[in-house]
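Survey of secondary and tertiary structure
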Amino acid sequence: NCRLSQNVDMLELIATIKRQANTDYLTKLPNRRYFFEEPNKSLKQFKKAKAPSMLAMLDIDHFKAINDTYGHDVGDKVLCKVAESLSQHMRSEDAVGRLGGDEFVAMALFNSDEKINQRVNTLEQQLNQLTIEHQGHTISIYASVGQTSYTQPPDNLDTVLKAGDEAMYKQKLQRKAKQAEKMV
């Protein structure tokens, strides 16, 4: 009986360590390690489903300026607010994670490309309406979201992440160009 109890305790400890190793401490989202292990398994499921899939990469705009101006504790609140919004917006079966710094990722299956575009547009709108309060100041949060969609998932996640990253930076450049036009 004592040995059985020790084995159960050990299994619980192993599960706790594994959960901690795969979860971002701050945002409570799956971390980079988890995302690179789990979605590679998901790619196999996506191939079986033969449905349109998407990967969205998002990056918080001007995050360094928030940290420099208001402090890292406020930057942490921004990260948590974005993680919370991302978790609420995506479905439970979608893969969502924080890759590190101010970069997040979401991967999901949809019935059509139209549904993918709707989801990404809504996500971007929601993220760009987020604010946090700090010492009487309202701090607006802006994020660039790049998406890549595919009907035949690639063999590995790196290919998809690279395409998502490129789409995110393209979107970020377009946003900066629009802001520059408004200033002229």
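The shown structure was predicted, so the numbers you read here are calculated from the model rather than taken from an experiment.

Cut-offs and rules
- Residues numbered from 1 in each chain as written.
- Predicted model: local features only at pLDDT ≥ 70, side-chain atom pairs only at ≥ 80, totals over all residues.
- Heavy atoms only, no water.
- Helix = DSSP H or I, 4+ residues; strand = E, 2+ residues; numbered from the N terminus.
- Buried < 20%, exposed > 50% of the residue type's maximum accessible area, 1.4 Å probe, protein only.
- Contact = heavy atoms within 4.5 Å.
- Lys, Arg positive; Asp, Glu negative; His and termini not counted.
- Charge placed at Lys NZ, Arg CZ, Asp CG, Glu CD.
- Phe/Tyr/Trp six-rings, centres within 6.5 Å; stacked < 30°, edge-to-face > 60°.
- Lys NZ or Arg CZ within 6 Å of the ring centre and 35° of its normal.
- Core = buried A, V, L, I, M, F, W, Y, C linked by side-chain atoms within 4.5 Å.
- Arc of directions from axis to C-beta.
- Pairing = 2+ DSSP bridges.
- Axes fitted to C-alpha atoms, helices over the stretch in contact; angles between N-to-C directions.
- Salt bridge = Lys/Arg side-chain N within 4 Å of Asp/Glu carboxyl O.

Focus: the overall build of the protein
Helix and strand content of the protein: 6 helices and 6 strands. Reading the protein from its N terminus to its C terminus gives the helix and strand order α-α-β-α-α-β-β-α-β-β-β-α. Projected onto its principal axes, the C-alpha positions of the protein cover 75 × 45 × 25 Å. Here the protein holds 184 residues, and the buried ones make up 42% of them. Restricting to contacts in the protein with at least 6 residues of sequence separation, those with at least 24 account for 70%. Treating the 25 positive side-chain charges of the protein as one cloud and the 24 negative ones as another, the clouds have centres 4 Å apart.

Here we look at the side chain of Asn22
Positionally, Asn22 belongs in the loop between helix H1 (2–21) and helix H2 (32–49). Sequence-distant contacts of Asn22, that is, excluding residues within four places in its chain, are made with Leu29, Pro30, Asn31, Arg33, Tyr34 and Glu37.

Some points on the packing of aromatic side chains
Under the definition given, this model contains 0 aromatic pairs. Residue placement shows Lys28 over the ring face of Tyr25; its charged tip is 4.7 Å from the ring centre. The ring of Phe110 carries the charged tip of Arg91 above its face, separated from the ring centre by 4.4 Å.

Structural notes on the nonpolar core
The nonpolar side chains of a soluble globular protein tend to be buried, and buried together. Of all hydrophobic cores here, the largest spans 29 residues; its most connected members are Leu58, Val82 and Phe104. Among the secondary structure elements, those contributing two or more residues to this core are strand E1 (53–60), helix H3 (63–70), helix H4 (72–89), strand E3 (103–109), helix H5 (113–127) and strand E6 (143–150). Broken down by element, the residue count for this core peaks at 6 residues, all from H4.

So, H3
Inspection of H3 places Phe63, Ile66 and Asn67 among the buried residues, and these make up the whole buried set. In a view along the axis of H3, the buried residues occupy a sector of 95 degrees, so they form one face of it. Residues of H3 that are exposed and angled more than 90 degrees away from the buried face: Lys64, Asp68 and Thr69. Here the buried face of H3 lies against E1, H4 and strand E5 (137–140). After H3 finishes, the residue Gly71 shows a positive phi value of roughly 105 degrees.

Observations concerning the environment of Ala106
Inspection of the secondary structure puts Ala106 in strand E3. Residues Ala106 and Val96 lie 10 residues apart in sequence; the distance between their C-alpha atoms is 4.3 Å.

Structural notes on the sheet that holds strand E2 (residues 95–100)
As summarised here, the arrangement of the 4 strands in space is E2-E3-E1-E6, forming an open sheet in which the pairing is antiparallel. Among the strands making up the open sheet, the edge pair consists of E2 and E6. Each strand of the sheet is rotated relative to its neighbour by a mean of 20 degrees, with strand direction disregarded. Here H5 sits on the sheet in contact with E1 and E6, set at roughly 170 degrees to E6.

Examining the pattern of salt bridges
Summed over the entire model, instances satisfying the criterion amount to 8 salt bridges. Note that Arg98 and Asp24 form a salt bridge whose closest N and O atoms lie 3.0 Å from each other. One end of the pair, Arg98, is in strand E2; the other, Asp24, is in the loop between H1 and H2, with 74 residues separating them in the sequence. This pair shows no difference in class: Arg98 is buried, exactly as Asp24 is.

In short, geometric facts, not functional conclusions.
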